[in-house]
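# Per-entry structural report
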Amino acid sequence: MNAHPAPPPPGDEHDTVLVVDFGAQYAQLIARRIREAHVYSEIVPPTVTAAEIAARRPVGIVFSGGPKSVHVEGAPRIDPGVYELGIPILGICYGAQLIAHQTGGRVDRSGRGEYGRTTLVVDGDGGTLLHDTPAEQPVWMSHFDAIVEPGPGQRPTAHTADAPVAAFEDVDRGLYGVQFHPEVVHTPHGQQVLERFVLDACGARPTWTMASIIDTSVDAIRRRVGDGRAICGLSGGVDSAVAAALVHRALGDRLTCVFVDTGLLRLHEGDQVVETFHRHLGMELVTVDAAERFFAALEGVTEPEAKRKAIGELFIRVFEDAREQVEGARFLVQGTLYPDVIESGTAHAATIKSHHNVGGLPDDMDFELVEPLRSLFKDEVRTLGTELGLPDEIVWRQPFPGPGLAVRIIGEVTPDKVATLQRADAIVREELRVAGLERVIWQSFAVLADIRTVGVMGDERTYGWPVIVRAVTSEDAMTADWARIPHEVLEAISSRIINEVAGVNRVAYDITSKPPGTIEWE
Ligand code: XMP
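Per chain, residue numbering runs from 1 following the sequence as it is written. Given that the model is predicted, a residue must reach a pLDDT of at least 70 before its local features are reported, and side-chain atom pairs must reach 80 or more before they are shown or counted; all residues, however, enter totals for whole chains, interfaces and linings. The side-chain quantities take in all heavy atoms of the structure and omit both hydrogens and water.

## Remarks on the sheet that holds strand β9 (residues 155-159)
Sheet architecture is open: nine strands sit in the order β2-β1-β3-β4-β11-β10-β9-β6-β7, paired in mixed fashion. The open sheet is flanked by β2 (40-44) and β7 (136-143), the only strands paired with a single partner. Geometrically, the sheet is characterised by an average inter-axis angle of 25° between neighbouring strands, direction not taken into account. Here, any two strands with at least 2 DSSP bridges between them count as paired. Helix and strand assignments come from DSSP, with helices taken as H or I runs of at least 4 residues and strands as E runs of at least 2, each series counted from the N terminus. Sheet topology note: the strand β1 (residues 16-20)/strand β3 (residues 60-63) ladder contains four bridges and is parallel. In the sheet register, V19 faces β3, and the bridge partner there is V62. When checking whether two residues touch, look at their non-hydrogen atoms; a contact exists if any pair is within 4.5 Å. Note on method: axes are straight lines fitted to C-alpha atoms, helices fitted across the in-contact stretch only, with angles between N-to-C directions ranging 0 to 180 degrees. Lying over the sheet, helix α3 (residues 94-102) contacts β3, β4 (89-92), β7, β10 (167-170) and β11 (175-178), oriented at roughly 120° with respect to β4. Each of β1, β3, β4 and β11 touches helix α5 (residues 190-201); the most contacted strand, β4, lies at about 165° to it.

## Quick word on the side chain of T187
You can see T187 is positioned in the loop between β11 and α5. Counting of polar contacts relies on pairs of N or O atoms within 3.5 Å, with two restrictions inside protein: one atom must be capable of donating a hydrogen and the other of accepting it, and residues adjacent in sequence are counted only when both atoms are side-chain atoms. Of the polar contacts made by the side chain of T187, one reaches the backbone oxygen of H181; its length is 2.8 Å. When sequence neighbours within four positions are dropped, the list of residues in contact with T187 reads P138, V139, W140, F180, H181 and P182.

## Digging into unusual backbone geometry
In the segment running from K514 into P515, the intervening peptide bond is cis, with an omega of -20°. One can find P515 in the segment after β21 (504-509). The phi angle at H38 is positive, at roughly 65°, despite the residue not being glycine. In this fold, H38 is placed in the loop between α1 (27-36) and β2. Despite not being glycine, D459 shows a phi value in the positive range, around 65°.

## Things to note about the pairing of β11
Each residue is assigned to one of three classes by its accessible area relative to the maximum for its type, calculated with a 1.4 Å probe on protein chains only: buried under 20%, partly exposed between the two thresholds, exposed over 50%. Here β11 shows no split at all, with L175 and G177 on one side and Y176 and V178 on the other all buried. Alignment of β4 against β11, held across four bridges, turns out to be parallel. Within the sheet, the bridge partner assigned to I89 lies in β11 and is L175. Alignment of β10 against β11, held across four bridges, turns out to be antiparallel. Its bridge partner being in β11, F168 is matched across the sheet by G177. Remark: four residues form the turn of the hairpin made by β10 and β11, two consecutive strands paired antiparallel; G174 in that turn has positive phi of roughly 70°.

## Examining the nonpolar core
Formed by 48 residues in total, the largest nonpolar core has its most connected members in V258, L264, F294, V413, L432, I485 and I497. Per element, the largest residue contribution to this core is seven residues, and it comes from helix α10 (residues 304-324). When residues of this core are assigned to domains, at least three fall in each of domain 2 (210-395) and domain 3 (414-509). Each residue touching V413, except ones within four places of it in the same chain, is listed here: L264, F295, L298, V301, K307, A406 and V418. To qualify as a nonpolar core, a set must consist of buried Ala, Val, Leu, Ile, Met, Phe, Trp, Tyr and Cys residues joined through side-chain atoms within 4.5 Å. Residue ranges for the domains trace back to a domain assignment, done automatically or taken from a database.

## Looking at the environment of Q28
Note on placement: Q28 falls in helix α1. You can call Q28 partly exposed: its relative accessible area is 23%. Considered as a pair, Q28 and F377 are 349 residues apart in the sequence and their alpha carbons are 8.9 Å apart.

## So, the domain arrangement of the protein chain
What the domain assignment lists for the protein chain is domain 1 (16-201), domain 2 (210-395) and domain 3 (414-509). Summarising the inter-unit geometry, the C-alpha centres of domain 1 and domain 2 are found 39 Å apart. Every contact between the two is made by seven residues of domain 1 and, on the other side, nine residues of domain 2. Of the roughly 680 Å² buried at the junction of domain 1 and domain 2 (both faces included), carbon and sulfur atoms supply 49%. Of all residues in domain 1, Q28, R32 and R35 give up the largest surface area on contact with domain 2, accounting jointly for 69% of the area buried on that side. Salt bridges are defined as contacts in which a side-chain nitrogen from Lys or Arg sits within 4 Å of a carboxyl oxygen from Asp or Glu. Linking domain 1 to domain 2 there are two salt bridges. One salt bridge connects E380 with R35, and the closest N-O pair in it is separated by 2.6 Å. When two parts are put together, the accessible area they lose, computed with a 1.4 Å probe and summed over both, is reported as buried area.

## Here's the deal with the sheet that holds strand β16 (residues 368-370)
Hydrogen bonds along the backbone pair up the strands of a sheet, which may run parallel or antiparallel. With parallel pairing, the five strands of this open sheet are ordered in space as β14-β13-β12-β15-β16. Of all strands in the sheet, those with a lone pairing partner are β14 (284-289) and β16, marking the two edges. Pairwise comparison of adjacent strand axes, ignoring direction, gives a mean angle of 30° for this sheet. Where strand β15 (residues 329-333) meets β16, three bridges bridge the pair, whose relative direction is parallel. What sits directly across from V333, in β16, is V370.

## Observations regarding the confidence of the model for the protein chain
Scored from 0 to 100, pLDDT reflects the predictor's confidence in each residue. When the pLDDT values of the protein chain are averaged, the result is 92; 94% of them are 70 or greater. Within the model, the stretch residues 1-5 combines pLDDT values under 50 with 13 contacts to residues more than four positions away or in other chains.

## Things to note about helix α9 (residues 291-298)
An α-helix turns once per 3.6 residues; consequently, residues spaced three or four apart project the same way. Among all positions in α9, only A291, F294, F295 and L298 are buried. The buried residues of α9 occupy an angular sector of 95° when projected down its axis, which confines them to one face. Each element contacted by the buried residues of α9 is listed here: β13 (255-261), β14, α10 and α14 (415-434). Within two residues after α9, G300 carries a phi angle of roughly 75°, on the positive side. When we speak of the arc, we mean the arc of directions from the helix axis to the C-beta atoms.

## Regarding the side chain of T133
Note on placement: T133 falls in the loop between α4 (127-130) and β7. With a relative accessible area of 10%, T133 lands in the buried category. There is a polar contact of 2.8 Å between the side chain of T133 and the backbone oxygen of L130. Among the polar contacts listed, one links the side chain of T133 to the side chain of Q137, at a separation of 2.8 Å. When residues no more than four places from it in sequence are discounted, the contact partners of T133 are V122, H189 and Q192.

As structure tokens, then:
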């Protein structure tokens, strides 16, 4: 299993806490919470050996939760040598049970199991993790098995109705466990528990701050690129924007950004990129107006996968042409994030859509890659972007698919249809922004259908295009729900689109979650 290739080390000046991922969706969240305590954290698979962990020299280790029972065959284990390294370990949920199970305690199906909000009762002084939290407090639980007897030397520090050992510690061996999930927001004192572990039990130095991330990255980029030159494809999205701003800080005008205007962008998006990066931040910027080439490539293409393929291929070609204008660039900057690094290692099921990422260029392009965001989470990237002087409109931009509006126009893509959709889309986003819903909503946009419907305007019959409004809430785009937008806002969107966008005479709202729908229509 190679699900968690390591990002580049953050430099010796930062202490590291490793999170062993036992298969729950919580491992990333745990790592993020630890970083919120200003301690660098990375995720490793359960197959990691004690020797591999020792080589990374972490100051602490966290075992995440996981979906299995320690008693079932194939349940993930950790190399028992890890307990002998003298590095403090915190087990969470399955992780706590695993510690008890592997060190002489007993884990059993004790009662009904606990799911959701549960009251935790602190025993005695609460020990290292709980001593400064209330004697009774709500925590988030999700377990069937429970630790019924801790291992030798492990002192229970809290219990609940169904978990006699809901927290334990063995300070001498550096073993800590909590049955509840301190990383979720439903555990109000959870962040304190994690901080007590990393700062007190592990003695980690809280050096992982934005200023230190910038300094460390700038040094690393300078070391890697030396006196060479780099180019960066800008998509207008937050990841490539922050990567470019960071590399610009390190290399100045030895970085040239390339922005390909595919003609499939949102209203005024191209102008905004030029304004921000060239005029405002003073970066070298090559803009390629390739709209005609993209429309030509899309002529007569209606099948969604065929559209994606045509756009992806042409993008590479255009980028290669633009590269000729940037002499001697050997390095290519990409905005790969830590979740991409983690996820690219996992085996994927069926291809639902072939994703084309602007800037996601093929390996054989003969560049050396510079990926300065490879160890960062999205929220860290946003904070970094603000720190580097990028405007809110870029830093808080919603995700936008690489193939752009082409996958929001059903049927053939033409310049006229793009212009129609751009206007409708701008209205959707503007009305949601005015209603203060912009950051609550993961993505909001308009889709242009290739059917026409009958309507009546000013006593005249109309025969026009319907626009479908799509707005979803989501954590990570893997699942999504349709946003419960107030009816007044939907009304404003509908009436403005029909009045302001010629050719459109009907507006529908998409109330499909993902699954079964996807977020985009194609
Ligand atoms: P779906 O439509 O599959 O999309 O639910 C999930 C998320 O991915 C975005 N998306 C893309 N992003 N290149 C991208 O960079 C693509 O080809 C692409 N297709 C979809 C989509 O907007 C949503 O956020």
